[in-house]
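# Tertiary structure, described
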Amino acid sequence: MTQDHQEKSPPPGFVQSHTRGPFSTHNGPFFHKVEGDQFWHGIYIAERHCNSRGRLHGGMMTTFADGLMATAVARANKITAVTISLNCDICSAADIGDWLEGTARQIGLNDGIAYVEAEAWVGGKTIFTASGVFRLLEGKAARKN
């Protein structure tokens, strides 16, 4: 049996996120760190995030990628957005107990459509890269994180 991720403190600078929706809250706890214009999200990989081989499930990678990219769009535009499309390229495996950390950045905006790139890693090893397209929602203020 592995140590429960909730017993571990996040790396320096990370604090627990409390503004996520019910789906993300159920899959957390998630953590975040902000320094100037940059941000990072992090999570300790738990058994519930894994496939039958104890490795981080692709669906959880995609969930993490979606959160990273939505945060990048919200921070860049100060408005909420919804996912139109998301592509996640799995580069490596991650295991129960690993600290998964990632960031994203908006790379373009055209007529209310934002284009975003993300990556996540464990230590120095890239676990996945992702790209996405998001539609800005007029009149919907973004949450910070």
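Use the structure listed above.
Residues numbered from 1 in each chain as written. Predicted model: local features only at pLDDT ≥ 70, side-chain atom pairs only at ≥ 80, totals over all residues. Heavy atoms only, no water.

As judged from the nine bridges shared by strand β4 (residues 81-90) and strand β7 (residues 125-136), these two strands associate in the antiparallel manner. Bridge pairing in β7 links V82 to R135. Across ten bridges, strand β6 (residues 113-122) lies against β7 in antiparallel orientation. Bridge assignment links W121 to a residue of β7, and that residue is T126. The turn joining β6 and β7, which pair antiparallel and follow one another in sequence, is formed by two residues; a positive phi near 60° is taken by G123. (Pairing = 2+ DSSP bridges. Helix = DSSP H or I, 4+ residues; strand = E, 2+ residues; numbered from the N terminus.)

A few words on the layout of surface pockets. What the second largest pocket holds in volume is close to 200 Å³. Taken together, 13 residues line the second largest pocket, and the ones lying closest to its centre are D37, Q38, F39, A104 and R105. When contributions to the lining of the second largest pocket are tallied by element, the ones reaching two or more residues are β3 (38-44), α2 (58-77) and β5 (99-110). If you tally residues by element for the lining of the second largest pocket, the top one is β5, at four residues. Grouping the constituent residues of the lining of the second largest pocket by class yields five nonpolar, four polar and four charged. (1 Å grid on protein atoms, 1.4 Å probe; cavity = no way out; pocket = protein on both sides within 12 Å on 5 of 7 lines; lining within 4 Å. Points joined across faces, edges and corners; volume = space filled by probe spheres on them. Nonpolar A, V, L, I, M, F, W, Y, C, P; charged D, E, K, R; others polar.)

Okay, the sheet that holds β6 next. Overall, antiparallel pairing links the seven strands, which are arranged β1-β2-β3-β5-β6-β7-β4 in an open sheet. Edge strands, defined here as strands with exactly one partner in the open sheet, are β1 (15-16) and β4. Along the sheet face, α2 touches β2 (31-35), β3, β4, β5, β6 and β7 and points at about 50° away from the line of β7. (Contact = heavy atoms within 4.5 Å. Axes fitted to C-alpha atoms, helices over the stretch in contact; angles between N-to-C directions.)

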